[in-house]
Amino acid sequence: LRFEEMAKFQRLGGFSVSPDGTQVAFALGTPDVDGNTTRSAIWMIAVGGGPARRMTAGEKQDANPRFSPDGKRLAFLSNRDGGFQIWTLELSGGDPVRATSFPTEVSSFSWSPDGKWFVLASDIYPECSDTACVEKIGKNRQEAKVKGRVTERLLFRHWDSWKDGMRTHIWKAPVAGGLAVDLTPGDRDAPPFAIGGGTDWDVSPDGRELVYASNPDTVEALSTNADVWTVALAGGAAPRNWTSANPAYDGAPRYSPDGKWVAFRSQKRPGFESDRFRLMLLDRGTGAIRGLTEDSDFWVDDFRWVPDSQSLVFSAQVRGRENLYRVPVSGGKTAPLWMGGAIAGLEIAGGRVVFGFSALSRPPEVWSVPLSGGAASAVTHVNDARLSEIAMGAVSERLTESSDGRKLHAWVIQPPFFDPSRKYPAVLFIHGGPQGAWVDGWSTRWNPEVWAAYGYVVYAANPRGSTGFGQDFLDAISGDWGGQVYDDLMRQSDDLESLPFVDKGRIGAAGASYGGYMINWIAGHTQRFQTLVSHDGTFDLVSANLETEELWFPKWEFKGWPWSSPQYAKWNPMLSAGNFKTPMLVITSEKDYRVPFGQGLQLFTALQVQGVPSKLLAFPDEGHWVLKPGNSCLWHNTVMDWLHRYLGGAEADPKGLALAWSVTK
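Residues numbered from 1 in each chain as written. Predicted model: local features only at pLDDT ≥ 70, side-chain atom pairs only at ≥ 80, totals over all residues. Heavy atoms only, no water.

Looking at the overall build of the protein chain
- Within the protein chain one finds twelve helices and 40 strands.
- In summary, the protein chain has a C-alpha radius of gyration of 25 Å against a globular reference of 26 Å for 665 residues, a match within 12%.
- Judged by the C-alpha coordinates and their principal axes, the protein chain covers about 70 × 60 × 55 Å.
- With 665 residues in all, the protein chain has 56% of them scored as buried.
- Within the protein chain, counting contacts between residues at least 6 apart in sequence, those at least 24 apart form 55% of the total.
- Total accessible area on the protein chain stands at roughly 26,500 Å², and carbon and sulfur atoms take up 52% of it.
- Charge centroids of the protein chain, computed over 66 positive and 75 negative side chains, lie 1 Å from each other. (Helix = DSSP H or I, 4+ residues; strand = E, 2+ residues; numbered from the N terminus. Rg over C-alpha atoms; globule rule 2.2 N^0.38 Å. Buried < 20%, exposed > 50% of the residue type's maximum accessible area, 1.4 Å probe, protein only. Contact = heavy atoms within 4.5 Å. Areas by Shrake-Rupley, 256 points an atom, 1.4 Å probe, with all protein chains shown as cover. Lys, Arg positive; Asp, Glu negative; His and termini not counted. Charge placed at Lys NZ, Arg CZ, Asp CG, Glu CD.)

Given below as structure tokens:
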């Protein structure tokens, strides 16, 4: 599974289950490395299995299919005619028809219960009340000779784009065409930004009301708040805020099928984006709110109502895996439904839970499990043929004791065709977040099986700060970025060295985001590794956290601001840069506004002026993640070439086309 083999796997996207529970429509992406893009088409398959049918040509990107309420049509997003808009397809036959012509792209959508309206999200200028105004301002800005940007408030850019004064609003648009109506007017985002997008709203079963999330705070760059609001789809009345008493996050609302309840996710601590996500229940009649998952210590991720409105199914990450659980509305105990690997997407229909499933050694497919529990089975088999041709490395788990008696978890992935009599080079993986985790799931960016295929033992560590091991374990990293977690990682590195098939003299470490920060911290505090790879890692805490955009993050993690908190100096990798001696590969991207581009440039400069062997890889067209297939090819070959230089293992061809094993002693 070298990079060029991974790039041949089809990439499962969003999916939808037909109202009768018999069919699944799904998006399937095909990476084009030479074209540096991914094309995607819509396919359909019976839940019970059988051959899949291709529904769209997929010459560009067709994504996010949604069955109409009567099951007779599919709607999906497509950029086949420019920016992303909604297209519809009659399942009885015919070609797709464009259904919307918004002046800005449609980012997500849903059907109204009667199938007559689309409810959609699109960016607009808040001073506009109709699409004609949005189109006029956008055209004037595009044609202007001067491209300077002016702002008077924070959060003027986010993740990989400038906001340019625009707001995300929810609109309703007739399926048959006609005038669209802004349901959430005003100078704020409704719904607010969420990684991965998604529909952070729902329409009541009777079609009369919209429930959505929006942040009421003035300075959004300092706020993790969001509240649950409702507004009549017919207009006329002001929206109602149901969760104003909670200054922290409330969002992802969903009506129960009988319309009596709204379930949503909630946090308690304002300003902390990694507080535990609870599943809450709003009585739509009385306004009373109560929690459903207080008996557990894990995060509620995605969730769906069971059709009888008596219970909900949700996914949650626990000890390196994502599982499915069911909880009754009556407040009974949460019960496990299915214990698995990684889950992406969740729907319920026809007495089954349908979900996206992957594992470290298995790319994503659509699976299903009975609502009553039992064995899960694959619905799609889009990568089975390719997978049968690939030798994967064995996956195992390790537990190491921390200095304070905690159990530190890690995944170990061996090279394929493993020979226990050999000594292999190895790489310590450090995850981002820092509130994140290495889970038993597939990735097209940091895939341990790909690294193992180049001849490396991969040790993917989950030290304190990792999600899925209890909130107390996660909380322990805030305000202690280079402290106890560093000791955890060094103990896990000791465990890696103790493996009888690992060559102690050929071990490197690699990480991205917070993992990149920790690589930079390691470089100034130990020379135990033969080489390091730092991807989008913070180098100077002061400059990074005054240039980043989500300012609630550094304020919480470092207990204030650089001019008032000693945390910035205490945990700043830049201040120990004089100790740098380990060869390092530095990767950064110009459109990364979370860990800004200059961090990588400063790090590379500090290495170069001290004569430390180092290389810089910079992408002008990527953000915090390298997503384009051609760029990913260059990323993998640069990383593997660097590791080969200092650790041995498989040699990467500069063109990324041919790879050969090197002869190492």
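On we go.
Observations concerning the nonpolar core
- If you look at the biggest cluster of nonpolar residues, it comprises 49 residues, and the most contacted ones within it are Leu496 and Met518.
- At seven residues, helix 7 (residues 514–523) tops the list of elements feeding residues into this core.
- Not counting residues up to four positions away in its chain, the partners in contact with Met518 are Ile430, Trp481, Gly482, Val485, Tyr486 and Leu489.
- Within the second largest apolar cluster, 40 residues are counted, among which are Ala7, Leu387, Phe429 and Trp438. (Core = buried A, V, L, I, M, F, W, Y, C linked by side-chain atoms within 4.5 Å.)

Remarks on the state of the cysteines
- All chains considered together, the criterion is met by one disulfide.
- The disulfide partner of Cys128 is Cys133, and the S-S distance across this bridge is 2.0 Å. Handedness of the Cys128-Cys133 disulfide follows from its S-S torsion of about -60°: it is left-handed.
- Judged by relative accessible area, Cys128 falls into the buried class, the value being 6%. (Disulfide = S-S within 2.5 Å.)

Some remarks on helix 11 (residues 597–609)
- Taking 1.5 Å per residue, 13 residues should reach 18 Å; helix 11 reaches 19 Å between its end C-alpha atoms and fits that length.
- Turning to helix 11, its buried residues are Gln599, Gly600, Leu603, Ala606 and Leu607. Seen from one end, helix 11 has its buried residues packed into an arc of 125°, which puts them on one side.
- Following helix 11 by one or two positions, Gly611 adopts a phi angle in the positive range, close to 75°. (Expected span 1.5 Å × (residues − 1). Arc of directions from axis to C-beta.)

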